[in-house]
Structures are given as C-alpha cells and as structure tokens.
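As a plain string of letters, each chain reads:
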Amino acid sequence: MRRLAALLWLAIVLLAGGYLALRIHDGLGFRTDLLALLPREEQDPVLQRANDAVTKALGRRVLALVGHADRATARDAAAKLGDALLATGQVERVGEGIDADRLKRLGGLYFPHRLSLLSNGDRALLAADKGEEIATRALSQAFGFAGLVDAGLLRTDPFLLLPSFLTNLPFPLSRLAPDEGMLTVVENGTTWVLVSAVLAGEPFELDLQDRLVGAVDAAVGDMPGVTVKRLGAVFFAHAGSQTAIAEASTLSTLSLVGTMLLVVLVFRRAGPLLHNVLALAVGMAVGLSGSLLLFGELHVAALLFGSSLIGVAVDYSLHYSACLFDPEAGSPRERLRHVLPGITLGLVTTLIGYAALMLAPFPGLRQIAAFSIIGLLGAFLTVVLWLPPLDRARTLTHGAGMLRAASRLWGFWEDGRWRGVRAALLLGCVAAGVVGLARLSADDDVRRLQAVSADLKREQDDIQRLIGATTAAQFLLVQGADDETALRRQEDLAGTLGGLKAKGAIAGYQMPAAFVPSARTQRENRALVASALHGPWLATQRARLGLPPAEPDKVTDEVLTLERALAADAVPFLRDLVLGPGLHVVALQGLSDPDAVRAAVAGTAGVRLVDPTADFSALLAKYRHRALLLTGLAGLLMLPVLGWRYGLRGALWTLVPPGSALILAPAAVGLMGQDFTFFHAMALVLILSIGVDYAVFCAESGVERQPVTMLAVWLATLTTILSFGLLAFSGVPAVHSFGVTMLVGISIAFLFAPLAARGARQDATTNGARVL
C-alpha cells in the first residue's frame, strides 16, 4: 500500500513537473500591478466602471519630453523616439501634436455649428449686451499689426466667434505650444518636444514593459547630447517588477544556500541534505505548477513570497532528519513514526493559517495562499512517502554538543534557578507590549506600499513642471439620464470649479460640456448671437471689413451632439471623458486639495468626487481589521484540533507561544516607529500558524527526546528566518513590513515554544504543577 501511494505521488509530481516545463517553455506570465493584490470590493457597478475606465486611460498613457539646446535636433530626436515606440507594436497611436489633419477634423466638426458655440467670455459679454466689444476685438484681430485672420473665415464668421471658442477650449498640457505639428515648450534655452503615446495593452504586462522600455532605452542611447524625461505607469511598473524579480532571485538564493549550509554543518552528511533538497524541490515545483494551473498567471509578489516557502517546507524533512541524533530512533520507518504525529498536526495548523489568507478577497494573496498550501502538502507527502524508502543513513554520533546547546532553551523554562530571569523577561515583554502597542498607529495609504524609482519620480516632477499640471488620478463622475442631462449638470458645475481654481484647489479641468455644450446652451447661444450681435452689429461689422451684405444664413440649425464629436475623433482625449450615455468624467488637473473639491460638490445631484487612491486606502484599512479577525478565526479553528490531541488545558498552553508573538510583534513595530499596515496584519496570520507548529513539536516531545526536538525546532526557526526574515530587507515597503513582522514574531514564538510542553497530555500532571 505504501509503495502504491509512493508511486502515485511520483506520477503526480511528474505530471506537475511536465506542466511546469511546458509553461516555462511557453513563457510564464507574471502580474506586476500592486493593486492586483488589493480587494475588489462590492460597490456601485457604475462607480467601479468609471474607476476602471479612468485608471486604464491614465495607466496606458506614455509621455516623454525630448530636450536639446538646438530646436532642430530636439525635433529630430523626438521623431525618432516616436518611430521607435511605434516599431515595438505595443502602442496604439503616437503623438498629440496639432497637425493639419487634426485641425481639419476640428474645423469640420465645429464650423457648421459656429453660431451655437461661444466661449464663456463671449457668452458673458452678449448676456450683458456688450456685443460691440466682440465686434471691436474681431476688427483688431483682422487689421492689427500681427493680424493673421483668413479672409474666407471673416466672410463666414465676421465676429471671429469660432476662433475665440477654440482658443478657450480647456486642452490639457497648457504650457505646451504647437510648433509645426509638434507640441513644445522652451525653458532656459532648451527646446523640449513632447512625445506621447497610448499603449495597446496593460502597462503591468512584463513582455510589454520589456519591449517598450527596451526600445526607449535603445533610442535614447542613440541620441548623444539629447535629454529624455519619461512619465508613465509602464516605466514605474517596469522598475518595480525588475526590483521585485531581482529580490525574489536574491532572497530565494540566499535562503536556499543558507538552508543547505545549515543542514551540511549540522548533519555533516550528504543524505540529510539530499533529503531536504528533494522535499523542498518537490514542494516548490508542485506549488508553482498548481498555482499556475489554478490562476493561469501569477503576481510577481506570489513569486517573491513563494520563495519564502523554503523556510517552512523544509521543516518536515528537518524533523525527520533530526531523529538521526536519537540513538533509539531505530529504522527509517520508526523515525517517521516518531515524528509523524507532530509534523501532521503541525501541517494541519499551518494550513489553517494559510487557508485564512484564502478568505481574504485579495487575488494576489489568494495566489500566495494557494502556492503555500500546495507546496507544503507536496513537501509533507514527499517526506512521508519517499524519504523512508530512500533513507540509508545511520544514527549520528557527533551532535552531543549541539544537542546540549539546543536544549538550553528548554532548560531555561524548566530549571528553577532561572526563575528570576524568567520573571524579568516576562515583565520586560509586558512592558514592551504595553509601550509598543500604545505607540502603534495605522497607516493604510496605498501609495506607501511600493517603492518608487527616485530617478523616475524626479523625471515626473520635471515633466509636470515643464508642461503644466498633469491630470490627477482623482476625477468627478457626472451621471444623468442621458448625455443632455449630464452635459447640463457639468455646465451648472463650471462656476463651482472656477471658484476652486481661483482658490488654488485645482489648476484646471476638462469636461465634455466644454467641448460639446448641451443642446440647451447651444440654442441659448444662437439666440444670444442673433439678438445681441447679429441684429444690432452684423451689417456694420461687414461694412467695416469691406464685405458684402450678409447672405441668407447657411449655418445649420442642428445642435452638435456628443455622439458626432466622438465619431469625428477631433479631440483625442474626449473619448476618455465619455464612458457611456449619461456617464461622463470631469478630469481634474493639478489637484491640491481633494477635501475642498469633495466639499464643494457635496449635495450636487449626479456629481461625486472619485478618488481611487483614497478608496483603495480605505479598503486597506477595512481589510486590515478583517485580517486581525482572520487571525482570531484561525486561532479558534486550531483550538478544537489541538484540544482533541492535548485537551483544553494543553491546547491553551500550546497557543501561548504564538499568542505571545501575536501581541509582541505589533508592539515591536510600534517601538520601531513604523506604522501598522495591512501587510503587518497579514503576517500575524502566518506567525500564528508557524508558531503553533513549533509549539506542537515541543508538546509532542517526551522528556527523553527534548534535546533532539529542540535541535529540530532550532533548525526550523533558522530556516524560517532565512526565508521570511530576509523579506525584512526588501526594498518594497509592503514586503518589508511583512518581513519585519515575521522576523520578530517567529523569533518570539520560538523563544516561548517550550512552554507548550507544560500542557501536553502525556505529562499533564507533572508539567501542570510547575510554575514560572
């Protein structure tokens, strides 16, 4: 039966290995978007749709400023960079220059409706019956020193209302000026030319990142003396993914090499090393293969955290191998029989902790949980089914000194001469816990969860300074029964936004109604033009311009619709502001005071401020609380399992070491001056499960096996620290927070692990009578 089970497990491992090899051959897909780790909260589907659409539009934009003291050189370099972007096949379009084709489309869109389109200034003048000022302005433009007005335009628009409307359209990137088809700005003698593009795919796809960033780097390398500044989610994502992948490789290598060296130094034989490597390799391969089968692709964080599985997966083989130091352990089957109850119970409690991660609605964390659960099961089955038949090792005789050293921690908790030191330690822990928890504060700002390249951040600030305020991630969502209602609500909102701009809360805004006024406004404009301009001034104006009397009005009576404007594609970013019928976005530029904007629009029908960053941060706070509840739930789920084995008293003693770690680890975070985040809280779930692991091993140990058990627990702790603890040195704040908490928590759980033996059933009478 055992041989059949071992062969069945071999077949499963071979299938998993074949599937993994196939996926590697086809190219593994990894997600790098940190927000993919975050929850998709149940919420208004309209709001979610708007949030996704705006985030997607902003995320796919790529901007670059190409600068050189010589204008021609800058323009030539910008053209080459645009060609390089197009050649990658990863962009839909390049360029936002005002070229002849775009001007033609813009004119074709607006010209037939020129009498219905008024700038805010012209509308105010006509409403105040000051049409003469508009007439005088047109004359000065026609006959002025720099007058460049086309005679044909004057014949059809003698008051130049359409140029006034076009000039006052709130185009973004306001400091840039058109220069022969390119948008440029000059500062300190340097001409900067804008190169813009829209990605064809998601900026967090690794293949897209590599191709596009590689093309940009290659193009810049061929432009000596030219300065290129970049802005776009794809550049930040590429820098972050490179850091994460490099860290995963470095940390997994350090963890693996450290674990192998530790095993070699302790056992001094090849057999235990090969056994541990086998269990670890199978666990990692099966975990990765199973995760790819379940999810199709993995988040790069799952790879990073998965590399830390090394320190846990090796625990079972370490406990099995540590039996070689016990002269009475017997044959391999007998050695397995000694440790099987402990590693089985440890596996169950650890899986309960990881399963708690599955309850969190975080896609990335579910991947981590699945990777870990499958990997741990793989390592456990390898130890149970394969190691005894493969084991030819004999009892070790060189470990007397290590066994004595390892058992000193147990002696510290059992020997009466250490009672004073134990009391001082406990008082110190209580004091540290009280002070640390009192100083602990929470910070769930999602922007603090990932490392941002300092160079890219500096380039982003330079671009924003050079081109003017860029579009903020926050926006106003305007809803109406139809497009006309939504446009009217935007027009009613314009005064409020103007006041916010005057106060400095925003630098500017773009709304669909500024480019396509509502039908109501267009009809009012036409009436104003007829009554306050054409009626009293048209004949005089045409005479002053030397034009013949006006012919019958050939301007269309139809209003310009949003649908037609979108079809014309004359305003490229308009499609990003219109999400659907009656669902529009007001983009905000240079937003400096979200609270002022939120207060200003509060109570306005159909208008609300959407702040994705604040929303995600609020969700993190909510799920930080839920993570703490998950930790409590995991402990409650462990209690009946432990109670079945040790009784209620023994179960409670077994939970003392991990319980102490759960209190003191957050306290240590507070003492270090760090803010408590969601990822600190999620680490507590694993501290509980792994800490119970150590406690169970101690509870299962008889007095005569205490040295061997403590040696195994020492090795398990060191390998866990080599894996999870190394995450504390990560440059990604979220991973660093997780690693720091794990490092402190696992150390504390190990320190208190021998206390679990006091409540064990097999020694309940003796151990229960002992006091600290």
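Everything below is about the structure shown above.
Source: prediction; values computed, not measured.

Engineer: Hey, could you run me through the overall build of the protein chain in this one?
Structural biologist: Within the protein chain, the regular secondary structure consists of 30 helices and 13 strands. Computed over its C-alpha atoms, the radius of gyration of the protein chain comes to 35 Å, more than 25% above the 28 Å expected for a compact globule of 772 residues. Counting only C-alpha atoms, the protein chain reaches 120 × 50 × 50 Å along its principal axes. When contacts within the protein chain are restricted to residue pairs at least 6 apart in sequence, long-range pairs at least 24 apart make up 82% of them. Total accessible area on the protein chain is roughly 32900 Å²; 61% of this is exposed by carbon and sulfur atoms. Of the charged side chains in the protein chain, 67 are positive and 66 negative; the average position of the first set lies 8 Å away from that of the second.

Engineer: Would you mind showing me how to read the environment of Val-446 here?
Structural biologist: Relative to the assigned elements, Val-446 resides in the loop between α18 (419-439) and α19 (454-467). Residue classification places Val-446 among the buried residues on the basis of a relative accessible area of 8%. A C-alpha to C-alpha distance of 37 Å links Val-446 and Ala-565, two positions 119 residues apart in sequence.

Engineer: Any chance you could explain the environment of Ala-472 here in plain terms?
Structural biologist: Relative to the elements of secondary structure, Ala-472 occurs in strand β9 (residues 471-479). Each C-alpha atom, one on Ala-472 and one on Ala-16, is 46 Å from the other, the two residues being 456 residues apart in sequence. Residues contacting Ala-472, with those up to four places away along its chain left out, are Leu-58, Leu-588 and Leu-591.

Engineer: Any chance you could explain the packing of helix α20 (residues 483-502) against helix α22 (residues 519-544) here in plain terms?
Structural biologist: Geometry of a packed helix pair, given as the angle between the helix axes and the separation of the axes. Axis separation between α20 and α22 bottoms out at 8 Å; the angle between their running directions is 65°. Judged by residue contacts, Glu-484, Arg-488, Glu-491 and Asp-492 of α20 engage Ala-519, Arg-520 and Thr-521 from α22. Residue classes in the contact of α20 with α22 are distributed as one nonpolar, one polar and five charged.

Engineer: Looking at this structure, how should I read a nonpolar patch on the surface?
Structural biologist: A cluster of nonpolar residues, Val-430, Val-434, Val-435 and Leu-671, forms a patch on the protein surface that exposes about 340 Å² of accessible area. For the nonpolar patch, the leading source of residues is α18, giving three residues. Note that Val-434 resides in helix α18.

Engineer: I'm lost on the packing of aromatic side chains in this one. Help?
Structural biologist: Tallied over the entire structure, the rule returns eight aromatic pairs. With centroids separated by 5.6 Å and ring planes inclined at 35°, the aromatic side chains of Phe-267 and Phe-325 adopt a geometry described as tilted. Of this pair, Phe-267 sits in helix α10 (residues 233-267) while Phe-325 sits in the loop between α13 (310-322) and α14 (332-359); the two residues are 58 residues apart in sequence, bridging distant segments of the chain. In this pair, the class of Phe-267 matches that of Phe-325, namely buried. Their ring planes at 90° and their centres at 5.9 Å tell us that Tyr-316 and Phe-380 sit as a pair that is edge-to-face. Placement of the pair is Tyr-316 in helix α13 and Phe-380 in helix α15 (residues 363-385), with a sequence separation of 64 residues. With a relative accessible area of 0%, Tyr-316 lands in the buried category. Exposure remark for Phe-380: the relative accessible area of 10% places this residue in the buried category.

Engineer: What is the right way to read the state of the cysteines from this model?
Structural biologist: Linking two cysteines covalently through their sulfur atoms gives a disulfide. Tallied over the entire structure, the rule returns zero disulfides. Unpaired in terms of disulfides, Cys-323 finds its nearest cysteine sulfur in Cys-698, a separation of 14 Å.

Thresholds, definitions, all that
Residues numbered from 1 in each chain as written. Predicted model: local features only at pLDDT ≥ 70, side-chain atom pairs only at ≥ 80, totals over all residues. Heavy atoms only, no water. Helix = DSSP H or I, 4+ residues; strand = E, 2+ residues; numbered from the N terminus. Rg over C-alpha atoms; globule rule 2.2 N^0.38 Å. Contact = heavy atoms within 4.5 Å. Areas by Shrake-Rupley, 256 points an atom, 1.4 Å probe, with all protein chains shown as cover. Lys, Arg positive; Asp, Glu negative; His and termini not counted. Charge placed at Lys NZ, Arg CZ, Asp CG, Glu CD. Buried < 20%, exposed > 50% of the residue type's maximum accessible area, 1.4 Å probe, protein only. Axes fitted to C-alpha atoms, helices over the stretch in contact; angles between N-to-C directions. Nonpolar A, V, L, I, M, F, W, Y, C, P; charged D, E, K, R; others polar. Patch = residues over 30% accessible without salt bridge, like charges linked within 9 Å, V, L, I, M, F, W, Y side chains within 5 Å. Salt bridge = Lys/Arg side-chain N within 4 Å of Asp/Glu carboxyl O. Phe/Tyr/Trp six-rings, centres within 6.5 Å; stacked < 30°, edge-to-face > 60°. Disulfide = S-S within 2.5 Å.

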